[in-house]
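# Structure assessment
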Amino acid sequence: MSKVLARRKAKCMSDREEIDQRYQHECAQWPDRKVEIISGRIVVRELPTFDHAKTILWLLSQLLPVATERGWLPVWGMKLFLGVQKDRYIPDLLVLPRDPRMWDDENVHAEEALLVVEVVSPSSQSDDHVVKPRNCAAAGVPLYLVIDAFENQVTLFSQPSETGYLNEVTETIGKPIELPAPWDLTIDTGRLLTGESTGDTGK
């Protein structure tokens, strides 16, 4: 369950400053929660469930060989900086180069990300599938992966542009999905929910 603590007001500097101040306050008040600004809303989300954590772990087990070989860093809890007076996201998993360009100690520039991953929760479906991909594309995130166990599907967004991602591929969980360059990696989506391969290697 998530709490929406502030909604979009009229588009002016004073309103945004108020949202940013409220955001900093809520981050301090809820240090163990996921606090984000999404389309002008301050959203505080619950701690991940065990199933949510397992999905990230099983995805990470497939990403680590490539990431380790290339010196990339899988991280979580890192804030994605989309630009001044833009949304503030904390992806469920973020893969970065060894020395990414930082906005400050807590925020990494979005275009530095090699992969952004969100695992859908009941309260985040629209944000994860629609709002965040649109804004991540505009900020230059090259690859955005959404794992949705409720819809039994995985979606990969690629080729970012100012208006959104130009390419979107959705596969049923159990079917492989390809991460393009710089990954060049096939993800066995069947392992994302159970940790075990379905044995399906074709489309």
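Structural notes, computed from the coordinates.

## Comments concerning the pattern of salt bridges
Summed over all chains, the structure comprises eight salt bridges. A salt bridge links Asp92 to Lys34, with the shortest nitrogen-to-oxygen separation between them at 3.0 Å. In this pair, Asp92 sits in the loop between β6 (88-89) and β7 (93-96) while Lys34 sits in strand β2 (residues 34-38), placing the two residues 58 residues apart along the sequence. When its relative accessible area of 16% is taken as the criterion, Lys34 is described as buried. Each of Lys34, Asp92, Glu118, Asp128 and Lys132 takes part in a single network of salt bridges with overlapping partners.

## Concerning the pairing of strand β11 (residues 153-161)
Sheet topology places strand β10 (residues 143-148) next to β11; six bridges connect them, and they run antiparallel. Bridge assignment links Leu145 to a residue of β11, and that residue is Leu156. Hairpin geometry of β10 and β11 is characterised by an intervening segment of four residues between the two adjacent antiparallel strands and by a positive phi of about 55° at Asn152. Taken together, the eight bridges between β11 and strand β12 (residues 164-172) define a ladder with antiparallel strand orientation. Considered in β12, the bridge of Pro160 is made with Tyr165. What sits between the antiparallel neighbours β11 and β12 is a turn of two residues.

## Structural notes on the sheet that holds β10
Ordered by their spatial adjacency, six strands build an open sheet running β4-β7-β9-β10-β11-β12, and the pairing between neighbours is mixed. In the strand order of this sheet, the two ends are held by β4 (73-75) and β12, each with one partner. Each adjacent strand pair in this sheet contributes to an overall mean axis angle of 15°, direction not counted. Running over the sheet, helix α2 (residues 50-70) touches β4, β7, β9 (115-119) and β10 and is turned about 160° from β9. Sitting on the sheet, helix α3 (residues 125-139) is in contact with β9, β10, β11 and β12, with an inclination near 175° to β10.

Conventions adopted
- Residues numbered from 1 in each chain as written.
- Predicted model: local features only at pLDDT ≥ 70, side-chain atom pairs only at ≥ 80, totals over all residues.
- Heavy atoms only, no water.
- Salt bridge = Lys/Arg side-chain N within 4 Å of Asp/Glu carboxyl O.
- Helix = DSSP H or I, 4+ residues; strand = E, 2+ residues; numbered from the N terminus.
- Buried < 20%, exposed > 50% of the residue type's maximum accessible area, 1.4 Å probe, protein only.
- Pairing = 2+ DSSP bridges.
- Axes fitted to C-alpha atoms, helices over the stretch in contact; angles between N-to-C directions.
- Contact = heavy atoms within 4.5 Å.

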